[in-house]
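Working through the structure, step by step
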Amino acid sequence: MSEPLFELTSFQRDLLYVIVGLSSPSGQEIKTELQEVIGEITHGRLYPNLDTLVNKGYVEKGQSDRRTNVYEITEKGTESLRSRREWEDQYVNL
């Protein structure tokens with residue numbers, strides 16, 4: 001069973017949820033999606049956190065063109081999100 005993402009910040013977990021919910025989103029698409037819910041997100045907050053997710057193996061980064069990176073959830077990321085949901089469900093029954 002994968003770790004349920006305790007090592008990540010809540011913002012990093014939110015990034016994972018958005019990435020898994022979209023099809024190969026760019027950083028800008030992720031930013032736009034999250035800003036609708038949490039407000040302004042700076043470049044200096046978004047991209048270092050995306051890089052952390054890549055470095056930890058939760059997300060893969062690719063390119064759609066020379067200027068645009070795209071992000072995809074990895075198997076580790078998917079399993080970790082699944083474990084997180086199972087852990088949350090132990091405590092929250094809505």
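Conventions used here
- Residues numbered from 1 in each chain as written.
- Predicted model: local features only at pLDDT ≥ 70, side-chain atom pairs only at ≥ 80, totals over all residues.
- Heavy atoms only, no water.
- Salt bridge = Lys/Arg side-chain N within 4 Å of Asp/Glu carboxyl O.
- Helix = DSSP H or I, 4+ residues; strand = E, 2+ residues; numbered from the N terminus.
- Buried < 20%, exposed > 50% of the residue type's maximum accessible area, 1.4 Å probe, protein only.
- Pairing = 2+ DSSP bridges.
- UniProt positions renumbered as here; feature names shortened; annotations may be inferred.

Named according to an unreviewed UniProt entry, the protein chain is PadR family transcriptional regulator originating from Halobellus litoreus.

This part takes up the pattern of salt bridges. Throughout the structure, instances matching the rule amount to three salt bridges. Residues Asp51 and Lys61 are paired through a salt bridge, measuring 3.5 Å at the closest nitrogen-oxygen approach. One end of the pair, Asp51, is in helix H3 (residues 43-55); the other, Lys61, is in strand S1 (residues 59-63), with 10 residues separating them in the sequence. Residue classification places Asp51 among the partly exposed positions, given a relative accessible area of 30%. A relative accessible area of 42% means that Lys61 is categorised as partly exposed.

This part covers the pairing of strand S2 (residues 69-73). Direction of pairing for S1 relative to S2: antiparallel, over a ladder of five bridges. Within the sheet, the bridge partner assigned to Gly62 lies in S2 and is Val70. Following S1, the chain reverses through five residues before pairing antiparallel with S2.

Moving on: the UniProt feature "domain: Transcription regulator PadR N-terminal" (unreviewed entry) in the protein chain. Per the UniProt entry, the sites bearing "domain: Transcription regulator PadR N-terminal" (unreviewed entry) are residues 18-82 in this numbering. Across residues 18-82, the secondary structure splits into 57% helix and 15% strand, with the terminal C-alpha atoms separated by 14 Å.

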